[in-house]
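# Structural description and commentary
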Amino acid sequence: MIDENSTKEEVLEAVKKDGMDLRFASAEFKDDREVVLAAVRQSKCGFPFSYASYRLRGDHEVVTAVLEKDWEMLKWASGKGRNRDFIVKYVRGLSDAAL
């Protein structure tokens, strides 16, 4: 189990096993792109995204990773992550890939 005093290595190890462990991480690691991406990619539903920092919930790479899991997680996106142009480009990319 990780807590506020865990090292980055401990947090990464934990979230790679269970992305939901991100909820126990310190604010520093909830704002660490590598940690958040590992948590989101490990999960089946993308819910660890809701524990990410506001800054990373607006990060296009992180938002794209969570949208690949569950588009409904967009409700947790912030700032640039909710940008209409970004979302349209993402959806168009999906439709182009299907052709």
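Before going into details, it helps to say that this report is about the structure given with it. (Residues numbered from 1 in each chain as written. Predicted model: local features only at pLDDT ≥ 70, side-chain atom pairs only at ≥ 80, totals over all residues. Heavy atoms only, no water.)

### Describing the overall build of the protein chain
Test applied: The numbering of helices and of strands both runs from the N terminus, where a helix is a DSSP run of H or I of at least 4 residues and a strand a run of E of at least 2. Just to be clear, the radius of gyration here is over C-alpha atoms, and the globule rule we use is 2.2 Å times residues to the power 0.38. Accessibility here uses a 1.4 Å probe with only protein chains present; expressed as a share of the type maximum, an area under 20% marks a residue as buried, one over 50% as exposed, and anything in between as partly exposed. Any pair of residues with heavy atoms lying within 4.5 Å of one another is described as a contacting pair. Values of accessible area rely on a 1.4 Å probe in the Shrake-Rupley scheme; residue burial ignores everything except the protein chains shown. None of His or the chain ends enter the tally, which takes Lys and Arg as positive and Asp and Glu as negative. Working definition for charges: the position is that of NZ of Lys, CZ of Arg, CG of Asp or CD of Glu.
A tally of helices and strands in the protein chain yields five helices and zero strands. Helices and strands in the protein chain line up, N terminus first, as α-α-α-α-α. Computed over C-alpha atoms, the radius of gyration of the protein chain comes to 14 Å, within 12% of the 13 Å expected from 2.2 N^0.38 for 99 residues, which places it in the range of a compact globule. Looking at the 99 residues of the protein chain, the share that counts as buried comes to 43%. Taking contacts inside the protein chain between residues at least 6 apart in sequence as the whole, the part at least 24 apart equals 38%. Split by element, the accessible area of the protein chain, about 6,100 Å² in all, is 52% carbon and sulfur. One way to put it: in the protein chain the 17 positive side-chain charges average out to a point 6 Å from where the 18 negative ones average out.

### Points about the nonpolar core
For soluble globular proteins, nonpolar side chains are generally found buried alongside one another. We apply this condition: By convention a nonpolar core is built from buried Ala, Val, Leu, Ile, Met, Phe, Trp, Tyr and Cys residues, the set being connected through side-chain atoms within 4.5 Å.
Counting 27 residues, the largest nonpolar core has Val11, Val15, Leu22, Val35, Val36 and Phe49 as the members making the most contacts within it. Where this core is concerned, the elements lending two or more residues are helix H1 (8-17), helix H3 (33-42), helix H4 (60-67) and helix H5 (84-98). Broken down by element, the residue count for this core peaks at six residues, all from H3. Excluding residues within four positions of it along the chain, Val35 makes contact with Lys8, Val11, Leu12, Val15, Leu22 and Phe29.

### Quick notes on the pattern of salt bridges
Filter applied, for reference: Definition used for salt bridges: Asp or Glu carboxyl oxygen within 4 Å of a side-chain nitrogen of Lys or Arg.
One pass over the full model with this rule turns up seven salt bridges. Note that Lys8 and Asp32 form a salt bridge whose closest N and O atoms lie 3.1 Å from each other. Remark: Asp32 occurs in the loop between helix H2 (27-30) and H3 and Lys8 occurs in helix H1; sequence separation between them is 24 residues. Given the relative accessible area of 24%, Lys8 is considered partly exposed.

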